Amino acid sequence: MALLSRAMASVTKPTTLHLHNLIRCMSNVPENTVYGGPKTQNPNQRVTLTHLKQKHRKGEPITMVTAYDYPSAVHLDTAGIDICLVGDSAAMVVHGYDTTLPITLDEMLVHCRSVARGAKTPLLVGDLPFGTYESSTRQAVDTAVRVLKEGGMDAIKLEGGSPSRITAAKAIVEAGIAVMGHVGLTPQAISVLGGFRPQGKNVASAVKVVETALALQEAGCFSVVLECVPAPVAAAATSALRIPTIGIGAGPFCSGQVLVYHDLLGMMQHPHHAKVTPKFCKQFARVGDVINKALSEYKEEVTNGSFPGPSHTPYKINAADVDGFLTELQRLGLEKAASAAATAAEKIETVELHVGGSPIHN
């Protein structure tokens, strides 16, 4: 304090700004943050677990949508979606695989970082891809840490309710990382499920869904996804749990709903996606048809020469500079290039006179 007093006394009529800069220079702590790494949640901007708990307590439905890149993340942000899931479904809807199994952690991290740059408001949840958390609790924690530190996520999601995966969930929570569970149809387990098959359709399977959800809650999960289970089973699980359930193909009795971005937008209007589009998904738009129409029109206009026209050829060169340019080309022995430039200048001027009445030179 004595040092600070002497330093302050040596400044003639110190201003607030001068004092602020002086104190800042005397500290080894950065001005805007105490430590590096992922940005902390801003409760005045980012949806947090506290917000979700409040919505759940009030009975307000929670919205969740997947995103895989910056543009989709910005769209979710603009729409005010509560949770943005960077799902391993990217393997299918972005990379074109038939299952979620092939996508790697490094690929998922690229998607996570892109989404984190675009979605400033939703809670960001990153999927742990197949093969990155099953071997041991150490592997699970290490992977989860990377998803937060390198991917910029706020939480992680993992699939299944086997004892080893519940143990993994518990270890990740104890490491200080929020975990979302996932029961019912777990796409990473299609090898043992015999494909993408709904779960909970008989007594034993239905009870297992509820028991698994309860086990994930006890492991510390803040929420559980219920995928492809009958509505009564989802209702039972939702009633039994103290944490929110997020349904996907599980009916209307969950605490919230999630859909895949491309599915709900009707973006992928082609045969490959048609065979993997789930029956439970409502298409709130047919964006794929709009995209296909736009691309077809683009191809047609380029082919018939109507694009680019004058309004999309904005950069001009005045007549005097055109003449000088032609002279230089001829001096360089580029007669063919000079002829092409002269013809282009003449055509552009003719079109501009026809369309706008007079050529515009900038």
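Residues numbered from 1 in each chain as written. Predicted model: local features only at pLDDT ≥ 70, side-chain atom pairs only at ≥ 80, totals over all residues. Heavy atoms only, no water.

Any details on the side chain of T245? Residues and values, ideally.
Counting through the fold element by element, T245 comes out in strand β7 (residues 245-248). T245 gets classed as buried once you look at its relative accessible area, which sits at 0%. In this structure the side chain of T245 is engaged in a polar contact, spanning 2.7 Å, whose partner is the side chain of T238. Contacts of T245, omitting those with residues within four sequence positions, involve V224, L226, A237, T238, C254, S255 and G256. (Helix = DSSP H or I, 4+ residues; strand = E, 2+ residues; numbered from the N terminus. Buried < 20%, exposed > 50% of the residue type's maximum accessible area, 1.4 Å probe, protein only. Polar contact = N/O pair within 3.5 Å; in protein donor to acceptor, adjacent residues only side chain to side chain. Contact = heavy atoms within 4.5 Å.)

Which residues make up the sheet that holds β7, and what are the values?
Strand order in the closed barrel formed by eight strands is β1-β2-β3-β4-β5-β6-β7-β8, and the pairing between neighbours is parallel. When the angles between neighbouring strand axes are averaged without regard to direction, this sheet yields 25°. Bridging between strand β1 (residues 62-66) and strand β2 (residues 83-86) involves three bridges; their strand directions are parallel. Bridging from a neighbouring strand, V65 pairs with C84 of β2. Against the sheet, helix α10 (residues 203-218) touches β5 (178-184) and β6 (223-227), its axis set at about 170° to β5. (Pairing = 2+ DSSP bridges. Axes fitted to C-alpha atoms, helices over the stretch in contact; angles between N-to-C directions.)

Describe the pairing of β2, with residues and values.
Side chains I83 and L85 of β2 all project onto a buried face; the interleaved residues C84 and V86 project onto the opposite face, where all are buried too. The parallel pair β1 and β2, bridged by helix α4 (residues 70-79), forms a crossover whose chirality is right-handed. Summarising the sheet, β2 and strand β3 (residues 123-127) pair through four bridges and their orientation is parallel. Bridge pairing in β3 places C84 opposite L124. (Right-handed = clockwise from strand over helix to strand, strands pointing away.)

Outline the confidence of the model for the chain, listing residues and values.
Averaged over all residues, the pLDDT of the chain is 84; the fraction at 70 or higher stands at 80%. For the stretch residues 1-38, pLDDT sits under 50, and the model shows 13 contacts to residues farther than four places along the chain or on other chains. In this model, residues 357-362 is a region of pLDDT below 50 whose contacts with residues beyond four sequence positions or in other chains number twelve contacts. (pLDDT = per-residue confidence, 0-100.)

Please provide a residue-by-residue account of the nonpolar core, values included.
Core analysis: the biggest nonpolar cluster contains 61 residues, and V115, M153, I156, L158, I172 and L226 have the highest contact counts within it. For this core, the element with the most residues is helix α6 (residues 105-118), which contributes six residues. In this structure, L226 is in contact with V183, V209, A234, A237, T238, T245, I246, G247, I248, A250 and C254, ignoring residues within four places of it in sequence. Residues I62, M64, L123 and V125 belong to the second largest nonpolar core, which totals 16 residues. (Core = buried A, V, L, I, M, F, W, Y, C linked by side-chain atoms within 4.5 Å.)

An account of the pairing of β1 is needed here, citing residue identities and associated values.
For β1, the tally of buried residues reaches four of five residues, placing the bulk of the element in the interior. By the bridge criterion, four bridges tie β1 to strand β8 (residues 256-259) in an arrangement that is parallel. Bridge pairing in β8 places V65 opposite L259.

Account for the packing of α10 against helix α11 (residues 231-240), with residues named and values stated.
Where α10 meets α11, the closest approach of the two axes is 9 Å, and the angle between their N-to-C directions is 25°. By the criterion of interaxial angle, the relationship of α10 to α11 is roughly parallel. Where α10 crosses over α11, the handedness of that crossing is right-handed. Note on element contacts: α11 touches α10 through V233, A236, A237 and A240, opposite A206, V209, V210 and L214. Across the contact of α10 with α11, the residue classes break down as eight nonpolar, no polar and no charged. (Parallel < 35°, antiparallel > 145°, perpendicular 65-115°, else oblique. Left-handed = near helix turned anticlockwise from the far one by under 90°. Nonpolar A, V, L, I, M, F, W, Y, C, P; charged D, E, K, R; others polar.)

So, the packing of aromatic side chains: which residues are in play, and what are the values?
Evaluated as defined, the whole model comprises one aromatic pair. With a centroid separation of 6.2 Å and 65° between ring planes, the pair formed by Y298 and F307 is classed as edge-to-face. Take F307: its relative accessible area is 31%, and that puts it in the partly exposed class. (Phe/Tyr/Trp six-rings, centres within 6.5 Å; stacked < 30°, edge-to-face > 60°.)

Which residues make up the pattern of salt bridges, and what values do they have?
A side chain with one charge may pair with a side chain of the opposite charge, provided their charged atoms come close. Using the criterion set out here, one finds twelve salt bridges in the structure. Residues R165 and E134 are paired through a salt bridge, measuring 3.6 Å at the closest nitrogen-oxygen approach. On the criterion of sequence distance, the pair formed by R165 in helix α8 (residues 163-174) and E134 in the loop between β3 and α7 (137-149) is long-range, its members being 31 residues apart. Here R165 falls in the buried class, since its relative accessible area comes to 14%. Classification of E134 by relative accessible area gives partly exposed; the value is 25%. Notably, a salt bridge pairs E328 with R331, separated by 2.9 Å at the nearest N-O pair. With E328 and R331 both in helix α15 (residues 319-331) and three residues apart, this pair spans about one turn of that helix. Of the residues examined, R331 reaches a relative accessible area of 59% and is grouped as exposed. (Salt bridge = Lys/Arg side-chain N within 4 Å of Asp/Glu carboxyl O.)

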